[in-house]
Amino acid sequence: MLTFESVNHTMMTESKLKADGFDIKTIPTPREISNSCGLTIRMSMDDLEKVKAYKDSLPIAYFWEYTTDSDGNKAEKID
């Protein structure tokens, strides 16, 4: 999952990732991760390295990365 400082950053990044063909889903941010931004981008771990590779071209300055178990629980920061 990718989390952001604001909903605006989430929406800009969502547009960029979808335009570049990534299979992503925007979901409510789990409260165990953050109370600051209400939206998170969920994506496959297989795509994470590709997103990191062109992070500078994303329309935001930074983001945080989390992984969860198969049930979407136990978020763990990986960035």
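Quick notes on the rules
- Residues numbered from 1 in each chain as written.
- Predicted model: local features only at pLDDT ≥ 70, side-chain atom pairs only at ≥ 80, totals over all residues.
- Heavy atoms only, no water.
- Buried < 20%, exposed > 50% of the residue type's maximum accessible area, 1.4 Å probe, protein only.
- Helix = DSSP H or I, 4+ residues; strand = E, 2+ residues; numbered from the N terminus.
- Arc of directions from axis to C-beta.
- Contact = heavy atoms within 4.5 Å.
- Polar contact = N/O pair within 3.5 Å; in protein donor to acceptor, adjacent residues only side chain to side chain.
- Core = buried A, V, L, I, M, F, W, Y, C linked by side-chain atoms within 4.5 Å.
- Salt bridge = Lys/Arg side-chain N within 4 Å of Asp/Glu carboxyl O.

(A) Structural detail: helix H2 (residues 45-53). For H2, the complete set of buried residues consists of Asp47, Leu48 and Val51. Take H2 and look down its axis: the buried residues cluster within an arc of 120°, on one side only. Within H2, the exposed residues directed more than 90 degrees away from the buried face are Asp46, Glu49 and Ala53. Of the surrounding secondary structure, the elements contacted by the buried residues of H2 are strand S1 (2-3), helix H1 (7-19), strand S3 (39-43) and strand S4 (64-67). The backbone nitrogen of Asp46 has a side-chain oxygen 3.0 Å away, supplied by the residue at the start of H2, namely Ser44.

(B) Examining the nonpolar core more closely. Leu2, Leu17, Val51, Leu58 and Phe63 are the most contacted members of the largest nonpolar core, which totals 13 residues. When neighbours within four sequence positions are excluded, Leu2 is seen to be in contact with Leu17, Thr40, Ile41, Met43, Leu48, Val51, Phe63, Trp64 and Glu65.

(C) The arrangement of the pattern of salt bridges in detail. In this structure the tally under the stated criterion is three salt bridges. Linking Asp20 and Lys16 is a salt bridge whose minimum nitrogen-to-oxygen distance equals 3.2 Å. Residue Asp20 is classed as partly exposed on the basis of its relative accessible area, which comes to 40%. Lys16 gets classed as partly exposed once you look at its relative accessible area, which sits at 27%. Two residues, Asp47 and Lys50, come together in a salt bridge whose shortest N-O distance is 3.4 Å. A residue pair is termed a helical-turn pair when its members lie 3 or 4 positions apart in one helix, as Asp47 and Lys50 do in helix H2 at three residues. The exposure class of Asp47 is buried, given its relative accessible area of 13%.

This is a description of form; function is not addressed.
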